[in-house]
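Commentary on secondary and tertiary structure
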Amino acid sequence: MRYFPVFVDLEDIKIIVSGAGEMAVAKLRLLLKTSARITVFGANPASEIATWANEGRITLFRRSVAAGDTTGAVLLYAANNDAAEDARAAAIGRSAGALVNIVDNIDDSAFITPAIIDRDPVVVAIGTEGAAPVLGRRIKADVEQLLPGNIGTLARIGKRFRPTATKIAYGRARRAFWADYYEQVGPAALAEGGEAAVESALEDLLRSHLNEGEASAAKNGKVWIVGAGPGDPELLTLKARRVLHDADVIITDRLVSSDVLELARREATFIEVGKVPGGRSWAQDDINALMIEHALSGAQVVRLKSGDPAIYGRLDEEMDALDAAAIEFEIVPGITSALAAAARSKLSLTRRGRNSEFRFLTGQDIAGFAEHDWRALARSDAVAAIYMGVRAARFLQGRLLMHGADPDTPVSMIENISRSNEKIIATSIGDLEAALLANGINGPAVLLLGISPRREAARTTTAGHEVPGDHETLSTMGA
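Residues numbered from 1 in each chain as written. Predicted model: local features only at pLDDT ≥ 70, side-chain atom pairs only at ≥ 80, totals over all residues. Heavy atoms only, no water.

1. Focus on the overall build of the chain
In terms of helices and strands, the chain carries 14 helices and 20 strands. Against the compact-globule benchmark of 23 Å for 479 residues, the chain has a radius of gyration of 30 Å, which places it well outside the compact range. Dimensions of the chain along its principal axes, counting C-alpha atoms only, are 90 × 65 × 40 Å. Taking the intrachain contacts of the chain between residues at least 6 apart in sequence as the baseline, contacts between residues at least 24 apart amount to 62%. Roughly 25100 Å² of accessible area belongs to the chain as shown, and the carbon and sulfur atoms make up 51% of that amount. When the 53 basic and 62 acidic side-chain charges of the chain are each reduced to a single mean position, those positions are 2 Å apart. (Helix = DSSP H or I, 4+ residues; strand = E, 2+ residues; numbered from the N terminus. Rg over C-alpha atoms; globule rule 2.2 N^0.38 Å. Contact = heavy atoms within 4.5 Å. Areas by Shrake-Rupley, 256 points an atom, 1.4 Å probe, with all protein chains shown as cover. Lys, Arg positive; Asp, Glu negative; His and termini not counted. Charge placed at Lys NZ, Arg CZ, Asp CG, Glu CD.)

2. What to know about the pairing of strand S4 (residues 75-78)
Covered by surrounding structure in S4 are Leu-75 and Tyr-77 together with Leu-76 and Ala-78, the residues of both alternating faces. Of the strand pairs in this sheet, strand S1 (residues 14-18) and S4 are connected by four bridges, and their pairing is parallel. By the bridge assignment, Ser-18 is partnered in S4 with Ala-78. Crossover S4 to strand S5 (residues 99-102) through helix H3 (residues 83-95) is right-handed. (Buried < 20%, exposed > 50% of the residue type's maximum accessible area, 1.4 Å probe, protein only. Pairing = 2+ DSSP bridges. Right-handed = clockwise from strand over helix to strand, strands pointing away.)

3. Description of helix H10 (residues 315-324)
Buried residues of H10: Leu-315, Glu-318, Met-319, Ala-321 and Leu-322, and no others. On an axial view of H10, the arc spanned by its buried residues comes to 160°, and they lie on one face. When the buried face of H10 is taken as reference, the exposed residues oriented beyond 90 degrees from it are Asp-316, Asp-320, Asp-323 and Ala-324. Tucked into the core, H10 has its buried residues touching strand S8 (222-227), helix H9 (284-296), strand S11 (300-305) and strand S12 (328-332). (Arc of directions from axis to C-beta.)

4. Things to note about the packing of helix H1 (residues 22-31) against helix H2 (residues 47-54)
Between H1 and H2, the shortest axis-to-axis distance is 9 Å and the interhelical angle comes to 40°. Relative to H2, the element H1 is oriented oblique. Each of Ala-24, Val-25, Leu-28 and Arg-29 in H1 lies in contact with H2, whose residues at this interface are Glu-48, Ile-49 and Trp-52. Of the residues in the contact of H1 with H2, the class split is five nonpolar, no polar and two charged. (Axes fitted to C-alpha atoms, helices over the stretch in contact; angles between N-to-C directions. Parallel < 35°, antiparallel > 145°, perpendicular 65-115°, else oblique. Nonpolar A, V, L, I, M, F, W, Y, C, P; charged D, E, K, R; others polar.)

5. A look at the pattern of salt bridges
Overall, the coordinates contain 24 salt bridges when judged by the stated rule. One salt bridge in this structure joins Lys-222 and Glu-330, with 2.9 Å as the shortest N-O distance. Of this pair, Lys-222 sits in strand S8 while Glu-330 sits in strand S12, and the two are 108 residues apart along the sequence. On the accessibility criterion, Glu-330 (22% relative accessible area) is partly exposed. Lys-239 is the partner of Glu-330 in a salt bridge, and the nearest nitrogen-oxygen pair spans 2.2 Å. With a gap of 91 residues between them, Glu-330 in strand S12 and Lys-239 in helix H7 (residues 238-246) connect regions that are remote in the sequence. (Salt bridge = Lys/Arg side-chain N within 4 Å of Asp/Glu carboxyl O.)

6. A closer look at the sheet that holds S1
Sheet architecture is open: five strands sit in the order S3-S2-S1-S4-S5, paired in parallel fashion. Looking along the sheet, the strands with just one partner apiece sit at the ends: strand S3 (59-61) and S5. This sheet shows a mean twist of 15° between the axes of neighbouring strands, independent of strand direction. Pairing of S4 with S5 involves four bridges; the strand directions are parallel. Its bridge partner being in S5, Tyr-77 is matched across the sheet by Asn-101. Of the strands in this sheet, S1, strand S2 (37-41) and S4 touch H1, which is tilted by about 165° from S1.

7. A closer look at the sheet that holds S12
Read across the sheet, five strands follow the order S10-S9-S11-S8-S12 without closing on themselves; strand pairing throughout is parallel. The sheet is open, and its two borders are formed by strand S10 (269-272) and S12, each paired with just one other strand. Between one strand axis and the next, the sheet turns by 20° as a mean value, whatever way the strands run. When S8 meets S11, the two strands line up parallel, connected through six bridges. Its bridge partner lying in S11, Ile-225 is registered against Arg-303. Contacting S8, strand S9 (249-252), S10 and S11, H9 crosses the sheet at an angle of about 155° to S11.

8. As for the pairing of strand S16 (residues 384-387)
Of the two faces of S16, the one carrying Ala-384 and Ile-386 and the one carrying Ala-385 and Tyr-387 are both buried. Inspection of the sheet shows strand S13 (residues 359-362) paired to S16 by four bridges, in the parallel sense. Residue pairing across strands places Phe-360 opposite Ala-385, the latter belonging to S16. Pairing of S16 with strand S19 (residues 445-449) involves three bridges; the strand directions are antiparallel. Within the sheet, the bridge partner assigned to Ala-385 lies in S19 and is Leu-448.

9. Brief notes about the confidence of the model for the chain
For the chain, the mean per-residue pLDDT works out to 87, and 92% of the residues sit at or above 70. This stretch, residues 458-473, has a pLDDT under 50; its non-local contacts, to residues over four places away or in other chains, come to 37 contacts. In this model residues 475-479 is a low-confidence stretch, pLDDT under 50, and it forms 18 contacts with partners more than four residues away in sequence or in other chains. (pLDDT = per-residue confidence, 0-100.)

10. Regarding the side chain of Thr-153
Tracing the backbone shows Thr-153 in helix H5 (residues 151-165). Not counting the four nearest positions on each side in its chain, Thr-153 is found in contact with Leu-190 and Glu-195.

11. Re the packing of H9 against H10
Axis angle and axis distance: for two packed helices, these are the angle between their axes and the distance between the axes, and together they describe the pair. Relative to each other, H9 and H10 sit at 45°, their axes nearing to 10 Å. Taken together, the axes of H9 and H10 are oblique relative to one another. Where H9 crosses over H10, the two elements pack in a sense that is right-handed. Residues Gln-284, Ile-287, Asn-288, Met-291 and Ile-292 of H9 form the contact with H10, whose participating residues are Glu-317, Glu-318, Ala-321 and Leu-322. Split by residue class, the contact of H9 with H10 holds five nonpolar, two polar and two charged. (Left-handed = near helix turned anticlockwise from the far one by under 90°.)

As structure tokens, this is what we get:
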């Protein structure tokens, strides 16, 4: 993010616009929505600008901006449609300490003006860092359709009521009050009786929530154990998105992607309890204690796990701890890595005539490398997903070959599934360890035993070459 979005208080603030033609008109239409003091400099003003000056909405000087004119100005727009004059005006503005925007010259501007949706006091700003104004306008049009026309009126009434609403405890209780107002009570009252009805409804709603707050003050919070999927936030369930947004405390695994965490409220408390293979890790008992501690304080807790909580997620231990502490909990499933890996590789995990079963396996368990029914896995029709198999690759390879597996049996390796740095590697049991080393696999990965990516997914034949598109597919078969 090069440009950080902020809302600047323009109450009685001086703004300079250098230029008085049609280019300046477009900016002034936005600026006139504010309470700033606007001064325009231009020898031949457009008719609209002259009209605004006659109405007293702006101050107009029919000349070019000069040194001294920008003293005390906070913002300066250079809108002369002349590069040399814009540069001169910008230099005058900078020398006076003003932030400068040169229209249609993003490289020399200190700030940019986004596309704006105005439902005063609700304002939505949409920026593309100057890369795609057309896209910004398209998004603006889409968002315009989502915002009710009365949202500004409701927000103005709500703003006046905010000091009174502080009677409700800060946090979830107050958020619930405002959610009820904006989503149900406010719109209904406004439609039935106008603004006066809304203010009366707010008073009734406040009393209701205060009474509910007293009744529920001694209640514990709740824990949601949520599957975050493989990394792509679009693969989250709708329920996972909702509880993540509503959470007071988020206890997250190390492997949960930053894109998924972006969906949570920034006011939430984030606690990372990562387990690093071969490195420093949180003890499971400490994670359990964290969930219980925050739930007993009344917080709504999300225990966020990569993939699905029920697949190698130590779910039983966490459920047992919550049961013992009499904490209510709910499980929200996620897309486990094996299923996402198959989808990204365009694979079917079962196929008539090939395999009548599919296994979920782990390469490591609490005792070290995990033992399995190797003879069954070495069969030509065996298909399995192997989690935590990268560090165990040599062990897995040896066990399978020892029990009669064909060295040419295909293996698909998918690293960083669904993320921007995803790799899909086609190899075989005989080349498994060498392929891992050759391709530098060190991120979270799943091995799919017995199947190869479809031809359109496996687009390269030389290990290490990047594949055009949104993921990298590497082939090391027979290397």
